[in-house]
Amino acid sequence: MADYRPQALDKKWQERWTSARAFEVTEDPSRPKFYCLEMFAYPSGHAHVGHVRNYIIGDVMARTKRMRGFNVLHPFGWDAFGLPAENAAIKSGIHPETSTLANIAHMKGQLQRLGISYTWEREFATCEPTYYKWNQWLFIKMFERGLAYRRRSSVNWCEKDQTVLANEQVVDGGCWRCGTPVTTRDLEQWFFKITEYADDLLESIEQLGQWPDKVLTMQKNWIGRSEGTRVQFGEIEVFTTRIDTIFGATCVFLAPEHPLVEKYAAESDDPAAFRKRAIAFRTQDRTARLTGEIEKEGFFTGHNVVNPFTNEAVPVWIANFVLGEYGTGAVMAVPAHDQRDFEFATKYGLPIRVVVQPNPAVGGTPKKLDEAYVDYGRLVSSGEFTGLTSEAALARMGEWVEQKKIGKRTVQFRLKDWGISRQRYWGTPIPMIYCDTCGIVAVPYDQLPVELPKVTNFTGRGDSPLAQVPEFVNVPCPTCGGKARRETDTMDTFVDSSWYFYRFCDPRNDTLPFEPARAKYWMPVDFYSGGVEHAILHLIYSRFFTRVFRDLGMVDHDEPFKHLLTQGMVLKDGAVMSKSKGNVVDPDDMLQKYGADALRLYVMFVAPPEKEVEWSDAGLEGSWRFLARIWRFVDQWCDAARGAPSTATFGAEGLNQAERQLRRRTHETIRRVTVDVEQRIHLNTAVSALMELVNDLYAYGETLTIGPPRPQARAVLREAIDALVIMVSPFAPHTAEELWERLGHVDGLTKTPWPSFDDQAAKPEEIVIPVQVNGKLRSRLTVPAETPESELRALALADSAVRAHTDGKTVKSVIVAKGKLINVVVA
RNA sequence: GCCGGGGUGGCGGAACUGGCAGACGCACAGGACUUAAAAUCCUGGGUUCGGCAACGAGCGUGCGGGUUCGAUUCCCGCCCCCGGCACCA
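In this text the structure is predicted, and so the values were computed from the model without any measurement.

Let us look at the pattern of salt bridges. Tallied over the full model, the rule gives 57 salt bridges. The residue R63 makes a salt bridge to D59 at a minimum N-O spacing of 3.0 Å. Taken together, the residues span about one helical turn, with R63 and D59 both in helix 2 (residues 49–67) at a distance of 4 residues. Here D59 falls in the buried class, since its relative accessible area comes to 0%. Residue E692 pairs with R672 through a salt bridge whose shortest N-O separation is 3.2 Å. Here R672 lies in helix 20 (residues 657–680) and E692 lies in helix 21 (residues 683–702), a separation of 20 residues in the sequence.

Right, here's the structure in full:
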């Protein structure tokens, strides 16, 4: 008997798949398509089992769908630009391109050794000019439509990485990459106008029925829609969501960044002191200011404006807690009905006027408030609006404002435009040229790509490395031919990953980013999996780019990803694996010990794909044992099964009880595994079902020890073994292929259809029905499957164990849940 | 504070539409095979009480209530853990 030696099988079958180009596909309108995608990889060097889990999940889906008759696109590529490679270059002097390509080569080898069924024919890396050319093309398209624009603004800045960060890249006030506290700088930057699509992005969330709630919530929170009204208080426009409280607005607060601050400073008695105080607010720790951990402070500007509802003059203050970047940068202060305004007003002795009462009213107007009343209620002291509920007042007062032309009802978003300029080298050059006479000019399409020049000296200084290359910077203006300068910033690498899934549809196209007809066939991605850490950044940017392509007329769908799975992390010793912690499990070590299939199977079996799991060597060994158990069984019964007649040859009555039983278990397992993998994505229970079938096979094997099996036995064995080998193949493809070959099949598993489920064969002849008395289990009835309800009722009442609990009592009713359970209710 | 997810044996987890709680695996224990061990095959196990045992009775899915013949599942009120947003006007 040949022992199970998976390592040799891995190599043998990987070579066969490669030489047969077994996973390359073309558009085929006659078959349903399935686009299966795992988030492509940043080539950090080595993939650990946490990374690899995601690729295995995708591979199980892809391999299953292929056998289920789908035309499956399952590509892979590399998110190859990015800071770590450049930071390494500053330290080691190794050029980012060199290290990136080496890392890709290594990681590709790791994935191939795992037998992931990628169509490597479509592989690309985003650092290739043939890819980033289309980033530039798209940038210019967006520039032409006003979706890419340049402005000076205060931006998030990471001192350590010496570059700008998008809002999405600031996590808890620190850099998402290194955690360094984020500061601000004023810089000229390129922005993508994602806010143009804020409503669209938010509303379409309802269409994402196959995305996890968690991710939808995060996106909703991130977009942060609120309805309100903009109103002029004289020359100051404020934004409020509570216009129903406007009769209580006794003050107006400006953000220290507000444009009027400078004007008021100039008009004040001591402009220098005024400015100094405002600047002090502006430079207060950004994180603390954003999270409200600072003391509320402010000062009077010396100016008053008019509350348009009361026609009273109200003072204008500058307050440190008002944010310049949200709304209009100015708020009306209603101390009685907003807790922050209340605290501020109490501190500085500003008037507090109650204009909303709880509804129904709880006594008269309180003399003194302890805190703001922030709930909705009924309006008091509000002129013609007095007596309205808050809800009614919001509508009526909004209309009033619009009639008087002093403001309008609007929707405000938290989402801001996406700053994409990065003062770094290893990214896509922004294809723009600055000419003194013509202004900002796009590089003509026929001059794309603007190639990244070879810079060899990485200093890590704050200016763009590309600025050090005069041949790159100094170019003639495309419009007038005069002297001009190139943009020296590169694009945020999240631009690269926002549309790569379209490129996989047509990766070698050199006239367009992709042929619309091809994208139409393959898109949207049917199954997309990756880490939750991309729930906001990557997934919102990709949805934005899809809308840009849509509005360019290149695609006709709104959403790029139909089903999203956020895979859980693999922990070691309770912590996320990382090189610095030294708790990394390298898949290659596991492959050497147990082979690719045991690793694949274990990672799928240990927990549902979206759950975090703790790595366990013992668990891996258990999965290896399961494969060896299949191996031994097939080895023992291979000859009997090979060439056995089909079960269809024998009528149901031709099979004995054990044979019918095995057949039933086979078909039950087909049903369970198919549903678990294809519909429920419960890959762990699919594996359990296969384990149960193997246990059944062993039990059946016990009954066959004497003499050679009869044809009927060989038939049910063959059916069970074939189904088992096919169904285990998405999890353990190398072992399965080898067994399949030994079973005498000529076509490999990549060309074999999934077994079909026979409802009749799966139907049990006898069923066990639990019998409860008053909801407590007392007995079980073993009866023919089709026993009528009346008979079940009689049998249950006659059962001795049941009668022990019913004798001497009145049977009130007998509930029969069809095929499931009987409950006798007694008093 | 607001929004979302979760809490089940020693451990990972299962229970699909309200119907036998703990499938499957890990670890553990016992048996068979073996001179012995490993490997393999078989068996056992939520917990308490009674019994040599087969078995029987009670309790049991974070806590407290409720609906129901019946609740891990539905409803109400709490506690705890994880994730997101948050001086956002």
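Structure shown, so let's carry the discussion forward.
If you look at soluble globular proteins, the nonpolar side chains tend to sit buried side by side. By size, the foremost hydrophobic cluster in this structure holds 189 residues, and its most contacted members are W418 and W615. In contact with W615, not counting residues within four places along its chain, are V49, V570, L571, K572, M577, V585, M590, L599, Y602, V603 and L620. F233, V261, F274 and L388 belong to the second-largest nonpolar core, a separate cluster that totals 35 residues.

Let us look at helix 19 (residues 617–641). End to end, helix 19 covers 34 Å across 25 residues, agreeing with the expected 36 Å (1.5 Å per residue, within 8%). Along its length, helix 19 reaches its greatest deviation from straightness, about 40°, at D635. If you check the start of helix 19, you find a side-chain oxygen 3.3 Å away from the backbone N of A618, and it comes from S616. Phi turns positive, to about 70°, at G643, one or two residues after helix 19.

Taking 1.5 Å as the rise per residue, helix 5 (residues 129–144) with 16 residues should run 22 Å; its terminal C-alpha atoms sit 22 Å apart, in good agreement. Turning to helix 5, its buried residues are Y131, Y132, K133, W134, N135, Q136, W137, L138, F139, I140 and M142. G146 sits one or two positions beyond helix 5 and adopts a positive phi of about 75°.

Interaxial distance between helix 8 (residues 260–267) and helix 9 (residues 271–282) falls to 7 Å at its minimum, and their mutual angle equals 150°. What the angle tells us is that helix 8 and helix 9 run roughly antiparallel. Relative to helix 9, the crossing made by helix 8 is right-handed. Touching V261, E262, Y264, A265 and A266 of helix 8 are P271, F274, R275 and A278, all from helix 9. Class assignment of the residues belonging to the contact of helix 8 with helix 9 gives a composition of 7 nonpolar, no polar and 2 charged.

What counts and how
- Residues numbered from 1 in each chain as written.
- Chains lettered and ligands numbered in written order.
- Predicted model: local features only at pLDDT ≥ 70, side-chain atom pairs only at ≥ 80, totals over all residues.
- Heavy atoms only, no water.
- Salt bridge = Lys/Arg side-chain N within 4 Å of Asp/Glu carboxyl O.
- Helix = DSSP H or I, 4+ residues; strand = E, 2+ residues; numbered from the N terminus.
- Buried < 20%, exposed > 50% of the residue type's maximum accessible area, 1.4 Å probe, protein only.
- Core = buried A, V, L, I, M, F, W, Y, C linked by side-chain atoms within 4.5 Å.
- Contact = heavy atoms within 4.5 Å.
- Expected span 1.5 Å × (residues − 1).
- Bend = angle between axes of the 7 residues up to and from the residue.
- Polar contact = N/O pair within 3.5 Å; in protein donor to acceptor, adjacent residues only side chain to side chain.
- Axes fitted to C-alpha atoms, helices over the stretch in contact; angles between N-to-C directions.
- Parallel < 35°, antiparallel > 145°, perpendicular 65-115°, else oblique.
- Left-handed = near helix turned anticlockwise from the far one by under 90°.
- Nonpolar A, V, L, I, M, F, W, Y, C, P; charged D, E, K, R; others polar.

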